[in-house]
Amino acid sequence: MLRAYRSSEVREAEKPLLEQGVPLMERASFAVATAAVRELRSRGHLVTGSQVLVLAGGGNNGADALYAGAYLAARGASVEIVRASDSVHAEALATAKESGCALVDSGKDGILKAARRAGLWIDGLAGIGVRPPLTEPLSSLVTLLEEERIAAPDEPIVIAVDCPTGIGVDDGALVGPVLTATVTVTMGAPKPGLIAPPASRVCGRVEVADIGLWFTGEPAVATLSGSDVADLLRVPGPTDHKYTRGVVLLGTGSDSFPGAAVLTVGGALGAGPGMVRLDSPEVAGLVLRRYPEVVTGLGRAQAVVLGSGVPATETERLKAPLDRALEEKYPVVLDAGALELVKTEYTDLPSTVVLTPHAGELAELLSARGEGITRQDVEAAPIRAVRLAATITGATIVLKGASDVIAGPDGPVYSQPARSHWRAVAGAGDVYAGLLGALLASAGEDLARSGRGYGKPALIAAAASWIHAEAAHSDGPIRAMDIVDGIPAAIASALHD
Ligand SMILES: NC(=O)C1=CN([C@@H]2O[C@H](COP(=O)(O)OP(=O)(O)OC[C@H]3O[C@@H](n4cnc5c(N)ncnc54)[C@H](OP(=O)(O)O)[C@@H]3O)[C@@H](O)[C@H]2O)[C@@H](O)CC1
Ligand SMILES: Nc1ncnc2c1ncn2[C@@H]1O[C@H](COP(=O)(O)OP(=O)(O)O)[C@@H](O)[C@H]1O
Ligand SMILES: [K+]
């Protein structure tokens, strides 16, 4: 599991080490220099003779970059320094100069010329001490460099020290200029913005440098790996039968969107529940032709999925299965049309109810509940939006997108990235709803006993997102049914992880 901690928690973790005199900055800058060497070598360049640009701001981040520049100069690189503040770390600057690094003329032309000469930039303009948007003069400098980076015929390698300058380190927001990185070398632990969208998109590959920091508390944001998913999966044993493995009931599909029933059933069956029930008479024939193992009609279930392919005007029929699940405390997935119910009637939900909106649906839901929030607001700061929605509704929220962002009313936020963006096709969300329902059904009895869920539904939803991303992994176009077909292998790969 990737665990991201906020800057305040990072500073707490660093405090005892600094008091003991542990040379954190030395470790940090060495990790940056090592990453730079690796990037140069992987592209067939020698360090000796490579042209490197150190972008040094006024904080410790700038000092890290300067010391890294000093290492590279000592190994034969030709290093130039842009001094972006009057108060750069004096000792680090002196060390860099002694090692042969040269200061660049700080006018626009001087900076651009140096940027064009260098194949590798080290971004030490600002680290976790900065809250965006950047102010002048840093704002103009970052804009200039980012434009140059994009326009350059051979894009430079950009190594961000701790974080790309300008990102919302703690909330993953992107407001104002940022310098996009090829690699981010982050100290001690990732920060939320390095693993949560939209900021995670400008971080390149994230490498965590172990500088000796120790974290004990719950992370602010986490990303599950295959082995975390394996820990959550319930593998059947010799005493299991179809009812112990979990039954999932689907109220999905309609005359208007019959295919949604096929896709949700496919998603659910892929995850291997004991049984899938379908309570959608108008589409039962279609589903049975494809999946004869489906049992039609209402009946006992350990989890319920409602709303995929059901128009918002036809939600009346979803209320009976929803009421029953709420009464029996079984987990519920409310997708697509069923989200309508949360706008007006079902306003106080337990966290065992999981809402699965995309950004537009989440904005509509929040607006209906009195928060003036647009789709753009949700996309600009997804962590904030899911937390707000979880707090207002009481439910667990899965915001679907290039990365799924998941939160319950408490516990960490999970950010689960897509493996490929071919996944963005109609019906992929329906597959997700079915898959999630089946995973919740396997934990349904436990969830019903433990009451409001205590973070477990969010964890299970994150596992569903991992499996869905893995199942949708592709180098070329895919259809939603290909995701259905990929689920069993994705689960097997988690179990082998
Ligand atoms: N934590 C660890 O374990 C370790 C941390 N280490 C490193 O320390 C880094 C944190 O260092 P830090 O605290 O000095 O902050 P950092 O980001 O370099 O500088 C902030 C500067 O930016 C400026 N500024 C602020 N807001 C701004 C804005 N909106 N727009 C424009 N400017 C703005 C502000 O200037 P001011 O405005 O205050 O004059 C200030 O000069 C951390 O990321 C890591 O690299 C390692 O060395 C060792 C282990
Ligand atoms: N840019 C993207 N890259 C990868 N996956 C994406 C992207 N945008 C959306 N997705 C995924 O595609 C699916 C879309 O779901 P949804 O919007 O509900 O569509 P539908 O209702 O047609 O199934 C979700 O699983 C989401 O995570
Ligand atoms: K930086």
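The structure presented is a predicted model; accordingly, all values stated were derived computationally and were not measured.

## Section: the site of ligand 2
No. 1: By nearness alone, 16 residues border ligand 2, and Lys400, Asp404, His421, Gly427 and Gly429 come closest of all.
No. 2: Interatomic distance of 2.6 Å between a side-chain N/O atom of Lys400 and an oxygen atom of ligand 2.
No. 3: For ligand 2, an oxygen atom lies 3.2 Å from a polar atom in the backbone of Asp430.
No. 4: Notes on ligand 2: free accessible area 570 Å², of which the protein chains cover 77%.
No. 5: The element best represented in the shell around ligand 2 is helix H17 (residues 428-442), accounting for three residues.

## Digging into the site of ligand 1
No. 1: Neighbouring ligand 1 are 24 residues, the closest being Glu14, Asp64, Gly127, Thr135 and Asp162.
No. 2: Between ligand 1 and Gly129, the relevant distance is 3.0 Å, taken from an oxygen atom to a main-chain nitrogen or oxygen of the residue.
No. 3: The backbone of Thr135 places a nitrogen or oxygen atom 2.7 Å from a nitrogen atom of ligand 1.
No. 4: Considering ligand 1 on its own, with 940 Å² of exposed area, one finds that the protein chains cover 75% of that surface.
No. 5: Split by residue class, the shell around ligand 1 holds twelve nonpolar, seven polar and five charged.

## Some details on the coordination of the potassium ion (ligand 3)
No. 1: In the first shell of the potassium ion (ligand 3), the protein supplies Asn61 (OD1), Asp123 (O), Ala126 (O), Val161 (O), Cys163 (O) and Thr165 (OG1), at 2.6 to 3.2 Å from the metal.
No. 2: In this structure, the potassium ion (ligand 3) is surrounded by six donor atoms whose angles at the metal cover 65 to 170°, and the resulting shape is irregular.
No. 3: Exposure remark for Asp123: the relative accessible area of 0% places this residue in the buried category.

## A short note on the domain arrangement of the protein
How big an interface is tends to be reported as the loss of accessible area on association of its parts.
No. 1: Looking at the assigned domains, one finds that the protein contains domain 1 (2-222) and domain 2 (226-496).
No. 2: Counting residues at the interface gives 13 residues for domain 1 and 13 residues for domain 2.
No. 3: Interface area for domain 1 against domain 2, summed over the two sides, is near 990 Å², with a carbon-plus-sulfur share of 56%.
No. 4: Contact with domain 2 buries surface across domain 1, with Asp171, Pro197 and Ala222 losing the most and accounting together for 43% of the total.
No. 5: Across the contact surface, domain 1 and domain 2 share one salt bridge.
No. 6: Note that Arg384 and Asp171 form a salt bridge whose closest N and O atoms lie 3.1 Å from each other.
No. 7: When the residues that make up the side of domain 1 that touches domain 2 are grouped by side-chain class, the tally is ten nonpolar, one polar and two charged.

## Side note on the pattern of salt bridges
No. 1: Using the criterion set out here, one finds 25 salt bridges in the structure.
No. 2: A salt bridge links Arg317 to Glu282; the shortest N-O distance between them is 3.9 Å. With Arg317 in the loop between strand S13 (303-306) and helix H12 (319-328) and Glu282 in the loop between strand S11 (275-278) and helix H11 (284-290), this pair connects stretches of sequence that are 35 residues apart.
No. 3: For Glu282, a relative accessible area of 35% gives the class partly exposed.
No. 4: Between Asp404 and Arg423 there is a salt bridge, with the nearest N and O atoms lying 3.8 Å from each other.

## Describing the sheet that holds strand S5 (residues 120-124)
No. 1: In space, the seven strands of this open sheet follow the order S4-S3-S2-S5-S6-S7-S8, with parallel pairing throughout. With partners counted over all chains shown, the strands left at the sheet margins are strand S4 (102-103) and strand S8 (205-209), one partner each.
No. 2: Bridge analysis of strand S7 (residues 183-187) against S8 gives five bridges, and the strand direction is parallel. Residue Val185 lies in a different strand from S8, and its bridge partner there is Glu207.
No. 3: On the sheet, helix H2 (residues 24-42) packs against S5, strand S6 (157-161), S7 and S8 and is oriented at approximately 165° with respect to S6.

## With respect to the sheet that holds strand S15 (residues 353-355)
No. 1: Pairing is mixed across the open sheet formed by eleven strands, whose spatial order is S1-S9-S18-S17-S16-S15-S14-S13-S10-S11-S12. The open sheet has two edge strands, strand S1 (2-4) and strand S12 (295-296), and neither has a second partner.
No. 2: As paired elements, S15 and strand S16 (residues 396-399) share two bridges and run parallel to each other. Bridging across to S16, Val354 finds its partner in Thr396.
No. 3: The strands touched by helix H19 (residues 456-471) within the sheet are S15, S16, strand S17 (403-407) and strand S18 (413-417), with S18 carrying the most contacts at an inclination of about 5°.

Rules and cut-offs
Residues numbered from 1 in each chain as written. Chains lettered and ligands numbered in written order. Predicted model: local features only at pLDDT ≥ 70, side-chain atom pairs only at ≥ 80, totals over all residues. Heavy atoms only, no water. Near = heavy atom within 4 Å. Polar contact = N/O pair within 3.5 Å; in protein donor to acceptor, adjacent residues only side chain to side chain. Areas by Shrake-Rupley, 256 points an atom, 1.4 Å probe, with all protein chains shown as cover. Helix = DSSP H or I, 4+ residues; strand = E, 2+ residues; numbered from the N terminus. Nonpolar A, V, L, I, M, F, W, Y, C, P; charged D, E, K, R; others polar. Donors = N, O, S within 2.8 Å, 3.2 Å for Na, K, Ca; no water. Tetrahedral: all angles 85-135°; square planar, octahedral: opposite > 155°, others 65-115°. Buried < 20%, exposed > 50% of the residue type's maximum accessible area, 1.4 Å probe, protein only. Domains from an automatic or database assignment. Contact = heavy atoms within 4.5 Å. Buried area = accessible area lost by both parts, 1.4 Å probe. Salt bridge = Lys/Arg side-chain N within 4 Å of Asp/Glu carboxyl O. Pairing = 2+ DSSP bridges. Axes fitted to C-alpha atoms, helices over the stretch in contact; angles between N-to-C directions.

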